[in-house]
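Chain by chain, the residues:
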Amino acid sequence: DAGVTQSPTHLIKTRGQQVTLRCSPKSGHDTVSWYQQALGQGPQFIFQYYEEEERQRGNFPDRFSGHQFPNYSSELNVNALLLGDSALYLCASSPVPGQWTNTEAFFGQGTRLTVV
Amino acid sequence: GDSVTQMEGPVTLSEEAFLTINCTYTATGYPSLFWYVQYPGEGLQLLLKATKADDKGSNKGFEATYRKETTSFHLEKGSVQVSDSAVYFCALSVADKIIFGKGTRLHILP
């Protein structure tokens, strides 16, 4: 059983560019969340997708947007990149909300984004 | 708002020493509590969890007890190994959103 998979593993972008990161959830999981982990910090919640809709959102600007596809995979898009967007971006999947309450999430290996 | 506070690192111990990493939380409602571990260059792995007060989560010799009265979830292990060197994150889940502490880096010396 494949776990959560993310692509690419590493990415270098120039300030002002746009980037798209991809995530496939663990088999049987319908909910996908994205987190930003700056160097030396804990992950910060960006947003969560369920049934192809953004279900809840953390304290991130509108430059961060996402999408979930019918097969439950997801994309994270960041526009107008800033140097401060350099971080490890983690995707997490979990079972359908409502079936479980406050369940744990399963994380991918992450995409290391460097903005220069 | 909901938050997690864990002890600052790095923590350096000798092999076979006893480990405690303190974690306290603030939350509305009834969160689930977790410890995640991150090995160098990798993503997060769930180490253990507890879903209600007085539950004890355990895995790989690590354990933590959900203490509602002290809002704590301290991580302990009786005898650490070099392979336990990693960053440990205390976290809570409320309404399917996970909130993490800042992490504690653990170094185990042979």
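Residues numbered from 1 in each chain as written. Chains lettered and ligands numbered in written order. Predicted model: local features only at pLDDT ≥ 70, side-chain atom pairs only at ≥ 80, totals over all residues. Heavy atoms only, no water.

**Observations regarding the state of the cysteines**
Residues and elements named next belong to chain B.
Inference 1: Summed over the entire model, instances satisfying the criterion amount to 2 disulfides over all chains.
Inference 2: Covalent S-S linkage joins Cys23 and Cys90, the inter-sulfur distance amounting to 1.9 Å. Disulfide Cys23-Cys90: the torsion about the S-S bond is -70 degrees, which places it as left-handed. Of this pair, Cys23 sits in strand S4 (residues 23-26) while Cys90 sits in strand S10 (residues 86-94), placing them 67 residues apart in sequence. Grouping residues by exposure puts Cys23 and Cys90 together as buried. (Disulfide = S-S within 2.5 Å. Helix = DSSP H or I, 4+ residues; strand = E, 2+ residues; numbered from the N terminus. Buried < 20%, exposed > 50% of the residue type's maximum accessible area, 1.4 Å probe, protein only.)

**Notes on the sheet that holds strand S9 (residues 75-77) of chain B**
Residue and element names in this part refer to chain B.
Inference 1: The 4 strands lie next to each other as S3-S9-S8-S7, forming an open sheet whose pairing is antiparallel. The open sheet is flanked by strand S3 (19-21) and strand S7 (56-59), the only strands paired with a single partner. The mean angle between the axes of side-by-side strands here comes to 15 degrees, regardless of whether they run parallel or antiparallel. (Pairing = 2+ DSSP bridges. Axes fitted to C-alpha atoms, helices over the stretch in contact; angles between N-to-C directions.)

**Things to note about the pattern of salt bridges**
All names here are of chain A.
Inference 1: Evaluated as defined, the whole model comprises 6 salt bridges over all chains.
Inference 2: A salt bridge links Glu54 to Arg57, with the shortest nitrogen-to-oxygen separation between them at 3.0 Å.
Inference 3: For Glu54, a relative accessible area of 35% gives the class partly exposed.
Inference 4: Since its relative accessible area comes to 27%, Arg57 is described here as partly exposed.
Inference 5: For Arg63, the salt bridge goes to Asp85, with nearest N and O atoms at 2.9 Å. Linking Arg63 in the loop between strand S6 (53-57) and strand S7 (64-68) with Asp85 in the loop between strand S8 (74-78) and strand S9 (87-94), this pair joins segments that are 22 residues apart in sequence. (Salt bridge = Lys/Arg side-chain N within 4 Å of Asp/Glu carboxyl O.)

**A few points about the packing of aromatic side chains**
Inference 1: Counting across every chain of the model gives 12 aromatic pairs over all chains.
Inference 2: With a centroid separation of 5.4 Å and 85 degrees between ring planes, the pair formed by A:Phe107 and B:Tyr36 is classed as edge-to-face. On the criterion of chain membership, the pair formed by A:Phe107 in strand S10 (residues 106-107) and B:Tyr36 in strand S5 (residues 32-38) is interchain, its members lying in two chains. B:Tyr36 carries the same exposure label as A:Phe107, and that label is buried.
Inference 3: On the basis of an interplanar angle of 55 degrees and a centroid distance of 5.6 Å, the ring pair of B:Tyr36 and B:Phe100 is categorised as tilted. Taken as a pair, B:Tyr36 in strand S5 and B:Phe100 in strand S11 (residues 97-100) lie far apart in primary sequence, 64 residues in all.
Inference 4: Owing to a relative accessible area of 7%, B:Phe100 belongs among the buried residues under this scheme.
Inference 5: Counting every residue linked through ring pairs, the aromatic cluster contains A:Tyr35, A:Phe45, A:Phe107, B:Phe34, B:Tyr36, B:Phe89 and B:Phe100.
Inference 6: The residue whose ring lies beneath A:Lys26 is A:Phe106, and the NZ or CZ to ring-centre distance is 5.4 Å. (Phe/Tyr/Trp six-rings, centres within 6.5 Å; stacked < 30°, edge-to-face > 60°. Lys NZ or Arg CZ within 6 Å of the ring centre and 35° of its normal.)

**Examining empty space enclosed by the protein**
Inference 1: Following the criterion strictly, the structure yields 1 cavity of 30 Å³ or more and no others.
Inference 2: Approximately 70 Å³ is the volume found for the largest cavity.
Inference 3: Along the walls of the largest cavity sit 13 residues, with A:Ser33, A:Gln48, A:Ser94, A:Ala105 and B:Asp96 positioned nearest its centre.
Inference 4: At the level of secondary structure, the elements contributing two or more residues to the lining of the largest cavity comprise strand S4 (31-37) and S9 of chain A together with S11 of chain B.
Inference 5: The residue makeup of the lining of the largest cavity, split by class, is 4 nonpolar, 7 polar and 2 charged. (1 Å grid on protein atoms, 1.4 Å probe; cavity = no way out; pocket = protein on both sides within 12 Å on 5 of 7 lines; lining within 4 Å. Points joined across faces, edges and corners; volume = space filled by probe spheres on them. Nonpolar A, V, L, I, M, F, W, Y, C, P; charged D, E, K, R; others polar.)

**Here we look at the layout of surface pockets**
Inference 1: Counted as a void, the largest pocket has a volume near 610 Å³.
Inference 2: In this structure, the largest pocket is lined by 31 residues; those nearest its centre are A:Gln37, A:Gly40, B:Gln38, B:Val87 and B:Arg105.
Inference 3: For the lining of the largest pocket, the elements supplying multiple residues, two or more each, are strand S1 (3-6), S10 and strand S12 (104-109) of chain B.
Inference 4: Split into classes, the residues belonging to the lining of the largest pocket amount to 11 nonpolar, 15 polar and 5 charged.
Inference 5: When its volume is computed, the second largest pocket comes out at roughly 300 Å³.

**Description of the interface of chain B and chain A**
Inference 1: Contacts between chain B and chain A engage 21 residues on the former and 22 residues on the latter.
Inference 2: Across the chain B/chain A interface, buried area totals approximately 1700 Å², and carbon plus sulfur atoms make up 45% of it.
Inference 3: Run the count over chain B and chain A and you get 0 salt bridges.
Inference 4: If you look at where chain B meets chain A, you find 4 residue pairs in polar contact (both at pLDDT 80 or more).
Inference 5: Looking at the side of chain B that touches chain A element by element, the count peaks at 4 residues for S5(B).
Inference 6: Of the residues belonging to the side of chain B that touches chain A, the class tally is 11 nonpolar, 5 polar and 5 charged. (Contact = heavy atoms within 4.5 Å. Buried area = accessible area lost by both parts, 1.4 Å probe. Polar contact = N/O pair within 3.5 Å; in protein donor to acceptor, adjacent residues only side chain to side chain.)

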